[in-house]
Amino acid sequence: MQLTDLNPQGGIGANALHIRLGRFSFMIDAGLNPKFTGVKALPEYNKLEDNSLDFIILSHCHLDHLGSLPVLIKRHPRALILMSYPSKLIAPFMLRNSYNVMRKQRNELKLSEYPLYNHKDIKRVIKKSLGLHFGQPRRFNLNGDRVDITLFPAGHIVGAAGICILYNKSKYFFTGDVHFTPQKTLPAAKFPKDDFDTVIIETTRGNSERTIDKSRYREEVRLLKSIAEILGNGGSCLIPVFALGRMQEILTIIYQARQNRSLSEFPIYCSGLGMELANVFDEISRNTGLIDFNRNILNKLAVKPIPSTLNFGQSPKRPSLFIVSSGMMIENTPAYLIASCLLSSSKNGIYFVGYCDPDTPGGKLLTTPRGMNFLFDKLDFICPLNAQIEKYDLSSHAEREDILHYAVNRNPRNIVLTHGECEAKDWFEKKINSIPNAPKVLNPNPIKTYKL
Ligand SMILES: [Zn+2]
Ligand SMILES: [Zn+2]
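Everything numeric here is computed off the predicted structure, so don't read it as measured data. Residue positions are counted from 1 within each chain, in the order its sequence is given. By the order in which they are written, chains take letters starting at A while ligands take numbers starting at 1. Restriction of local features to residues with pLDDT of at least 70 applies here, the model being predicted, together with a cutoff of 80 or more for giving and counting side-chain atom pairs; totals for whole chains, interfaces and linings are based on all residues. To obtain the side-chain values, all non-hydrogen atoms of the structure were used and water was disregarded.

Take the domain arrangement of the protein chain next. Accessible area lost during the coming together of the parts is what is often quoted as the interface size. Once the domains are mapped, the protein chain shows domain 1 (2-208 + 396-451) and domain 2 (216-391). Throughout, the edges of the domains are those of an automatic or database domain assignment. Once you take the C-alpha centre of each, domain 1 and domain 2 turn out to be 28 Å apart. Each partner contributes to the interface: domain 1 provides 27 residues, whereas domain 2 provides 31 residues. Summed over both partners, the accessible surface that disappears when two parts come together, traced with a 1.4 Å probe, is what is meant by buried area. Across the domain 1 to domain 2 interface the summed buried area is about 2600 Å²; carbon plus sulfur atoms make up 67%. The largest per-residue losses of area from domain 1 upon contact with domain 2 belong to Phe93, Lys184 and Thr185, which jointly make up 27% of the total buried on that side. Criterion for a salt bridge: a side-chain nitrogen of Lys or Arg within 4 Å of a carboxyl oxygen of Asp or Glu. Inspection of the domain 1/domain 2 interface yields three salt bridges. A salt bridge links Asp357 to Lys35, with the shortest nitrogen-to-oxygen separation between them at 3.2 Å. We define a polar contact as two N or O atoms separated by no more than 3.5 Å, with the added condition that, inside protein, one atom must be a possible hydrogen donor and the other a possible acceptor, whereas residues neighbouring each other in sequence contribute only through side-chain atom pairs. Remark: the boundary between domain 1 and domain 2 carries 10 residue pairs in polar contact (both at pLDDT 80 or more). When the residues that make up the side of domain 1 that touches domain 2 are grouped by side-chain class, the tally is 16 nonpolar, eight polar and three charged. Residue contacts are defined here by distance: any two heavy atoms, one from each residue, within 4.5 Å place the two residues in contact. Note that Gly is not counted as nonpolar here; it falls among the polar residues with everything else outside the nonpolar set of Ala, Val, Leu, Ile, Met, Phe, Trp, Tyr, Cys and Pro and the charged set of Asp, Glu, Lys and Arg.

What follows is about the coordination of the zinc ion (ligand 2). Coordination of the zinc ion (ligand 2) by the protein involves Asp64 (OD), His65 (NE2), Asp177 (OD) and His419 (NE2), with metal-donor separations of 2.1 to 2.3 Å. Donor criterion used throughout: N, O or S atom within 2.8 Å of the metal, extended to 3.2 Å for Na, K and Ca. Water excluded; incomplete-looking sites may result. For a four-donor site, all angles between 85 and 135 degrees give tetrahedral; for four or six donors, opposite pairs above 155 degrees with the remaining angles between 65 and 115 give square planar or octahedral; all remaining cases count as irregular. For the zinc ion (ligand 2), the four donor atoms in the first shell make angles of 89 to 169° at the metal, a pattern classed as irregular. Separating the zinc ion (ligand 2) from the zinc ion (ligand 1) is a gap of 3.4 Å, bridged by Asp177, which donates to each. Residue His65 is located in helix H1 (residues 63-66), and its partner Asp177 is located in the loop between strand E10 (170-174) and strand E11 (198-202); the two are separated by 112 residues in the primary sequence. For the pair His65 and Asp177, a shared accessibility class is recorded, and that class is buried. In this text, helices come from DSSP runs of H or I with a minimum length of four residues, and strands from runs of E with a minimum of two, each type numbered from the N-terminal end. Relative accessible area decides the class of each residue, using a 1.4 Å probe on protein chains only: under 20% of the type maximum gives buried, over 50% gives exposed, and in between gives partly exposed.

Taken together, the protein donors to the zinc ion (ligand 1) comprise His60 (NE2), His62 (ND1), His156 (NE2) and Asp177 (OD), at separations of 2.1 to 2.4 Å. Around the zinc ion (ligand 1), the four donor atoms sit at angles spanning 89 to 171°, and that spread fits a shape best called irregular. Within one chain, the residues donating to the zinc ion (ligand 1) are spaced in sequence as H-x1-H-x93-H-x20-D.

The next thing to look at is the sheet that holds strand E4 (residues 55-57). Strand order in this open sheet of seven strands is E6-E5-E4-E3-E2-E1-E22, and the pairing throughout is mixed. Looking at the sheet topology across the chains shown, the edges are occupied by strand E6 (129-132) and strand E22 (449-451). If you compare each strand with its neighbour and ignore which way they point, the axes differ by 25° on average. Strands pair, by our definition, only if DSSP identifies at least two bridges between them. Sheet topology note: the strand E1 (residues 2-5)/strand E2 (residues 17-21) ladder contains four bridges and is antiparallel. Of the residues in E2, the one forming a bridge with Leu3 is Ile19. Axis geometry follows a simple rule: fit a line to the C-alpha atoms, using only the stretch in contact for helices, then measure angles between N-to-C directions, giving values from 0 to 180 degrees. Contacts from helix H3 (residues 85-108) reach strand E5 (80-84) and E6, with the element oriented near 110° to E5. In the packing of helix H4 (residues 119-128) onto the sheet, the strands contacted are E5 and E6, and the crossing angle to E6 comes to about 45°.

Before going further, it helps to examine unusual backbone geometry. Trans is the common state for peptide bonds, and a negative phi is the common state for residues other than glycine. With an omega of -10°, the peptide bond between Tyr114 and Pro115 qualifies as cis. Assignment of secondary structure puts Pro115 in the loop between H3 and H4. Of the consecutive residues Ser325 and Ser326, the connecting peptide bond is found in the cis state with omega at 10°. Within the secondary structure, Ser326 is located in the loop between strand E15 (321-324) and helix H9 (334-342). Its identity is not glycine, yet His156 carries a phi of approximately 55°, on the positive side. One can find His156 in the loop between strand E8 (145-153) and strand E9 (161-167). Positioned with a positive phi, Asn168 is a non-glycine residue whose angle comes to about 50°. Given the relative accessible area of 62%, Asn168 is considered exposed.

A separate point is helix H5 (residues 216-232). One less than the residue count of a helix, multiplied by 1.5 Å, gives the span that helix is expected to have. The end-to-end C-alpha separation of H5 is 24 Å, in line with the 24 Å expected for 17 residues at 1.5 Å each. Among all positions in H5, only Arg216, Glu219, Glu220, Leu223, Leu224, Ser226, Ile227, Ile230 and Leu231 are buried. Down the axis of H5, the sector holding all buried residues measures 160°, keeping them to one side. Residues Tyr217, Arg218, Lys225 and Gly232 are exposed on H5 and point more than 90 degrees away from its buried face. Along its buried surface, H5 packs onto strand E12 (237-240), helix H6 (246-259), E15, strand E16 (349-352) and strand E19 (388-391). Directions drawn from the helix axis to the C-beta atoms are what define this arc.

Structure below.
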């Protein structure tokens, strides 16, 4: 196997892993780096000869994996795109939303290259995509060479897939973003227990210690208690979330708490994409049972889109709960704007429920001491941090020990580290090297090609 990580900055960003197996040339994922705008957010696609890919496999629909797929397929029109059946339903919504955001940003940020693709390119993605069912292998032949590809449910978000590739009697497995614990709306990953030649793993939580005292249920209860306290005292809450997955999960937790009467009624606001995706989740739930989500909860909770009249730094008129993107409070997103409205009052709360890159506004807010000024530089607005800032361990990524355990027990020759910060990958590297007869660890440098 020949492997090149085309994510130029390394870490978690523009995921795109180029693989060569015999005559086959293919890409796993085609993401955009959420920390950057413009062409800087793209993987280093120039390293590949145009129209040379045979296929592209998408692990799931978060934009750090999907966001540049229209750009890639335009350059490789011959390639077939493989993804899970739920991802095929979700991808067009994510791409159209991303296109609308880029169109808006074209003038706001003076980026002449935006949008990076148009509706025709998104249509091309849809046309070239094959929605695979989990556990059903698909065979591809090319000039006498053949490869078998099977997708397995990866937990994380609906449609997320671990990818098993069989080539020439060798088996390779890519975990993608994975969660081995069931979530409120989604079952845990169901990965094969076979032996593999090489396992390519995500390492997102490599820098977080196992949290034995923080069961998922206890964290849900803790979050609900905080929300009830803030709203009971006349404040407002912001929960920054990814519109895909996290938002529907949090809404379900809130809905069930309301059913048990452990949470009173208050206005709930969500961002538009998350509300649109609720309909798709409902369809997937009814057709496949791969997720347990009912769109009626949005009506029962009377969820509304964010009021367009809300300006930065302005307090909401009534105590409200905002469940809005982005999860890392990236600039120019609803979460960034709402945070500017809530941050200066000690009555309010901002509650993080997923991973925050340390360089993003969310990551910076988490390390800013109370009482200090916080700068929203894209809004040119500064205010003291008086609101309650808290983190709840409701991640959709597996704990590092669980991923390590899964990978090592496949008796691989190689383990490849992807999708993690340097410290996170270092933890995996050290742990694996301390095992007797350890598999070889590869922590690939961006753009460099490795033979395994
Ligand atoms: Zn993801
Ligand atoms: Zn990811």
